[in-house]
Amino acid sequence: MDWAATLEAQPFAQALRASRWTYPLVNAGHILGLALLIGAVVPMDVRLLRGDLRAIRMLRVYAIGGLCLALACGSLLFAAQASDYVANSWFRWKIALLVAALMNAALHLHPLALSRTRQCAAVILSLCLWIAVLLCGRMIAYS
């Protein structure tokens, strides 16, 4: 865990912890990224379940943008308290589920090429994984 302490000791991480405004703004950026991501993934998945594929391309752009914002801000938040996060089982579950959700998305980039059964399985898995990521992330604050 020396790497976590080293990360926390970096000037940008110290500045983030010390600032009255920066940490809350980065946290708000993380939440905005999550809102964009989940706000795009849920309707995208529901439309796919219904067989309505018209808006998937547009929603995918918002999902990717939200993911990038959430990852960038989340990385900064992690750096500010890396030792605490590494020791937190909810955080470890969140990261494992995030990796699984991203793998599911990567494996199903072209949903039209999948059978209807596989489309449904991918959608249900996607919804469950993203909800689980959100829940684990929220539980970090309560542990």
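Further up the page is the structure itself.
Presented here is a report on the structure given in the accompanying data block. (Residues numbered from 1 in each chain as written. Predicted model: local features only at pLDDT ≥ 70, side-chain atom pairs only at ≥ 80, totals over all residues. Heavy atoms only, no water.)

On the secondary structure map, leucine 135 appears in helix α7 (residues 116-140). Separated by 109 residues in sequence, leucine 135 and valine 26 have C-alpha atoms that sit 20 Å apart. (Helix = DSSP H or I, 4+ residues; strand = E, 2+ residues; numbered from the N terminus.)

Below, the discussion takes up the packing of aromatic side chains. Two aromatic rings are characterised by how far apart their centres lie and by the angle between their planes. Tallied over the full model, the rule gives four aromatic pairs. On the numbers, 6.1 Å between centres and 25° between planes, the contact of phenylalanine 78 with tyrosine 85 is stacked. Each member of the pair, phenylalanine 78 together with tyrosine 85, is buried. Ring geometry for tyrosine 85 and phenylalanine 91: centres 5.2 Å apart, planes at 40°, overall tilted. (Phe/Tyr/Trp six-rings, centres within 6.5 Å; stacked < 30°, edge-to-face > 60°. Buried < 20%, exposed > 50% of the residue type's maximum accessible area, 1.4 Å probe, protein only.)

Right, let's get into the nonpolar core. Counting residues in hydrophobic clusters, the biggest one holds 19 residues, and the most contacted among them are Leu37, Val41, Met44, Ala63 and Trp130. Ranked by the residues each element gives to this core, the list is headed by helix α3 (residues 22-50), at six residues. Those residues in contact with alanine 63 that sit more than four places away from it in its chain are Leu36, Leu37, Ala40, Val41 and Met44. Core analysis: the second largest hydrophobic core is formed by seven residues, Tyr85, Val86, Phe91 and Ile140 among them. (Core = buried A, V, L, I, M, F, W, Y, C linked by side-chain atoms within 4.5 Å. Contact = heavy atoms within 4.5 Å.)

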